[in-house]
Amino acid sequence: TDGLKATAYLYRKTSGFNAHWLHASELRKLSPTLSAEALGGLLTQGNASVDSLLYNRALLAAAERMGAKRFQGQVDNIDRSERAISAVWVDGNVFAADHFVFCTGAWMKLLEDRLGCATTIEPVKGQLLIAQLERELYPYDVTWGKFGFYYAGGSNFWLGGTREECGFDLSLTEQAKTGILAAIE
């Protein structure tokens, strides 16, 4: 419960957020399907989930409205001095600017030599399951440790998740599926 107490404290002291403890009977009103072993819980308010693709598109559109230019492709070369980048070659085309933003995600390490700096960015694999229930339950996320039951609209929920440091391995594993389902039960 120390982790939940710390979470409650953070939520209560942050403007726009709140948290309060629920007794077992209050939990059952919110979610009749919860385990009978659940003695209570913490209801947090102020969380939000966003569609990361739509969010990134909105950020890009806002940047472009403010004059940013987007260049997508393979970075061939970077013209840099000790403290600044003056040009970037992308797919054989050179682009000069006062500022650059590299949106490479986990592929950032591929640019370290050209940028002249080291990063701590590494690819991390996570696996989730999508579940479509026969009926709508409740529009809440329920989490316990690193696993959760995340509301995805209607009768859809994401179940998860895993965190694996295994490079760019995109394969799905039976071990992850089994582990997620065991944790959710």
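Read on for a plain summary of the structure. (Residues numbered from 1 in each chain as written. Predicted model: local features only at pLDDT ≥ 70, side-chain atom pairs only at ≥ 80, totals over all residues. Heavy atoms only, no water.)

## Things to note about the pairing of strand E4 (residues 85–90)
Then, in step 1: Relative to E4, strand E3 (residues 75–80) runs antiparallel, the two being bridged by five bridges. Counterpart to Val75 in the pairing with E4 is Val90.
Then, in step 2: The hairpin formed by E3 and E4 contains four residues between the paired strands.
Then, in step 3: The sheet contact formed by E4 and strand E5 (residues 93–96) spans four bridges and is antiparallel. Bridge pairing in E5 links Ala87 to Ala96. (Pairing = 2+ DSSP bridges. Helix = DSSP H or I, 4+ residues; strand = E, 2+ residues; numbered from the N terminus.)

## So, a nonpolar patch on the surface
Then, in step 1: Taken together, Leu4, Trp21 and Trp144 make up a surface patch of nonpolar side chains, about 370 Å² in accessible area.
Then, in step 2: Position of Leu4 relative to the elements: it lies in helix H1 (residues 2–13).
Then, in step 3: Among the residues examined, Leu4 registers a relative accessible area of 31% and is labelled partly exposed. (Patch = residues over 30% accessible without salt bridge, like charges linked within 9 Å, V, L, I, M, F, W, Y side chains within 5 Å. Areas by Shrake-Rupley, 256 points an atom, 1.4 Å probe, with all protein chains shown as cover. Salt bridge = Lys/Arg side-chain N within 4 Å of Asp/Glu carboxyl O. Buried < 20%, exposed > 50% of the residue type's maximum accessible area, 1.4 Å probe, protein only.)

## A word on the sheet that holds E3
Then, in step 1: Pairing is antiparallel in the open sheet, where three strands are placed in the order E3-E4-E5. Where the open sheet ends on each side, the last strands, each with one partner, are E3 and E5. The sheet shows a mean angle of 20 degrees between the axes of neighbouring strands, taken without regard to direction. (Axes fitted to C-alpha atoms, helices over the stretch in contact; angles between N-to-C directions.)

## Observations regarding the environment of Leu43
Then, in step 1: Positionally, Leu43 belongs in strand E2 (residues 40–45).
Then, in step 2: Between the C-alpha atoms of Leu43 and Ile78, which are 35 residues apart in sequence, the distance is 49 Å.
Then, in step 3: Aside from chain neighbours lying at most four places away, what touches Leu43 is Asn18, Ala19, His20, Leu22 and Tyr140. (Contact = heavy atoms within 4.5 Å.)

## Quick notes on the side chain of Glu112
Then, in step 1: Turning to its location among the elements, Glu112 is positioned in helix H4 (residues 112–115).
Then, in step 2: Overall, the relative accessible area of 16% leaves Glu112 in the buried class.
Then, in step 3: With near-sequence residues (within four places) excluded, Glu112 lies in contact with Cys117, Ala118 and Thr119.

## Here we look at the pattern of salt bridges
Then, in step 1: Applying the stated criterion across every chain yields a total of five salt bridges.
Then, in step 2: With a closest N to O distance of 3.0 Å, Lys109 and Glu112 form a salt bridge.
Then, in step 3: We classify Lys109 as partly exposed; its relative accessible area is 32%.
Then, in step 4: For Lys125, the salt bridge goes to Asp169, with nearest N and O atoms at 3.4 Å.

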